[in-house]
Amino acid sequence: MIGHVDGSVPATTQRFEIVLGEDASLELDDLVVTRQPHPGPSEGVAHYGIVTECSSRIEGAQFSTDTQRIAGARTMPGVVAQTATVRVLRADPEIWIPPKAGAQVERAGGTDRERALFVDQMDDGARLPIGFDRRLEPVHVDFTFLNGEKGGHVSISRV
């Protein structure tokens, strides 16, 4: 577990904030997953997302000089809060409800990473490796979207 869905700001079907645990850290483009129970035929809903921003602030600081009083001299109460903004990539099953405030958040690895990137929906022969992510794990695209079988176009910039 790396943190919790932040309950001090709204979580939506498209984005949510994570309050990181004391020893946890996230970087841009990290993949995360949070799960919650949901009544109905499924056992629950998993929200998969990608980190789009990270931030840090001192809760309790109202003025810039309060930072010195809280972090340096320790003459005021306050605590450092590390947060990350997450863009929802997928809800599985496709029940579009927001993540539950306070729900635990984990780094998405293994099967969760494949679900976050929709690799689980690609036929084995259609998985085209196109590079590596920041953790040096392979990134695939569905070749059937490139060859015209399921649509298809490619836009290549000068990068």
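Scroll up for the structure.
For the structure given in this document, a descriptive report is provided here. Every residue gets a number counted from 1 within its own chain, in the order that chain's sequence is written. Only residues with pLDDT of 70 or above have their local features reported here, since the model is predicted, and side-chain atom pairs are shown and tallied only from 80 upward, although totals for entire chains, interfaces and linings are computed over all residues. Hydrogens are left out, water is left out, and the side-chain values use all remaining heavy atoms of the structure.

Here we look at the overall build of the protein chain
- Secondary structure elements are taken from DSSP: a helix is a run of H or I of four residues or more, a strand is a run of E of two residues or more, and numbering for both begins at the N terminus. When its secondary structure is counted, the protein chain shows three helices and eight strands.
- Start at the N end of the protein chain and walk to the C end: the helices and strands fall as β-β-β-β-α-β-β-α-β-β-α.
- We call a residue buried when its accessible area falls under 20% of the maximum for its residue type, exposed when it is over 50%, and partly exposed in between, using a 1.4 Å probe and counting protein chains only. For the protein chain, the residues scored as buried account for 30% of the 159 residues in total.
- Between two residues, a contact is recorded if the distance between any of their heavy atoms is within 4.5 Å. Counted over contacts in the protein chain with a minimum sequence separation of 6, partners at least 24 positions apart contribute 59%.
- Using the Shrake-Rupley algorithm and a 1.4 Å probe, accessible areas are obtained, with residue cover drawn only from the displayed protein chains. Accessible surface for the protein chain amounts to roughly 10,300 Å². Of this, 52% is attributable to carbon and sulfur atoms.
- The average position of the 16 basic charges and that of the 23 acidic charges among the side chains of the protein chain differ by 4 Å. By the counting rule applied here, Lys and Arg register as positive and Asp and Glu as negative, while His and the ends of each chain are not counted. Here the site of a charge means atom NZ of a Lys, CZ of an Arg, CG of an Asp or CD of a Glu.

Brief notes about the pattern of salt bridges
- Each reported salt bridge corresponds to a side-chain nitrogen of Lys or Arg within 4 Å of a carboxyl oxygen of Asp or Glu. One pass over the structure, following the stated rule, counts 14 salt bridges.
- A salt bridge links D30 to R135, with the nearest nitrogen and oxygen atoms 3.6 Å apart. Taken together, the residues span a long stretch of sequence, with D30 in the loop between β2 (15-20) and β3 (31-36) and R135 in the loop between β7 (127-132) and β8 (138-142) at a distance of 105 residues.
- Since its relative accessible area comes to 5%, D30 is described here as buried.
- Judged by relative accessible area, which is 44%, R135 ranks as partly exposed.
- Salt-bridge contacts for R115 lead to D92; the nearest nitrogen and oxygen are separated by 2.8 Å. Here the residue R115 occupies a position in helix α2 (residues 111-116), and D92 occupies one in strand β5 (residues 79-92), the gap between them amounting to 23 residues.
- Residue classification places D92 among the partly exposed positions, given a relative accessible area of 22%.
- Salt bridges sharing partners connect three or more residues here, namely R90, D92, R115 and D120.

As for the pairing of strand β6 (residues 104-107)
- In this scheme, strands are said to pair when DSSP sees at least two bridges between them. Across two bridges, strand β1 (residues 3-5) lies against β6 in antiparallel orientation. Paired with G3 across the bridge in β6 is V105.
- Two strands pair when backbone bridges link them, and β3 and β6 are joined in this way by three bridges, in the antiparallel orientation. Within the sheet, the bridge partner assigned to V33 lies in β6 and is E106.

Here we look at a nonpolar patch on the surface
- Patches draw on residues past 30% relative accessible area with no salt bridge. Two like charges within 9 Å are joined, as are two nonpolar side chains (Val, Leu, Ile, Met, Phe, Trp, Tyr) within 5 Å. A cluster of nonpolar side chains, contributed by L128, I130, F143, L146, V154 and I156, occupies part of the molecular surface with about 560 Å² of accessible area.
- Among the elements of the structure, β7 and α3 (143-146) are those that each provide at least two residues to the nonpolar patch.
- Locating F143 in the fold gives a position in helix α3.

So, the side chain of T85
- Mapped onto the elements, T85 comes out in strand β5.
- Looking at T85, its side chain comes within polar contact range of the side chain of E17, at 2.9 Å.
- Sequence-distant contacts of T85, defined by excluding residues within four places in its chain, comprise R15, F16, E17, I50, V51, T52 and E53. For the purposes of these results, a polar contact is taken to be a pair of N or O atoms within 3.5 Å, where, inside protein, one atom must be able to donate a hydrogen and its partner to accept one; residues adjacent in sequence count only when each atom of the pair is a side-chain atom.

Section: the sheet that holds β5
- Pairing in this closed barrel of six strands is antiparallel, and the strands run β1-β2-β5-β4-β3-β6 around the ring. Looking at each pair of strands side by side, their axes are set apart by 40° on average, direction ignored.
- Where β1 meets β2, three bridges bridge the pair, whose relative direction is antiparallel. Bridging from a neighbouring strand, G3 pairs with L20 of β2. Note on definitions: angles span 0 to 180 degrees between N-to-C directions of axes, and those axes are lines fitted to C-alpha atoms, for helices only across the stretch in contact.

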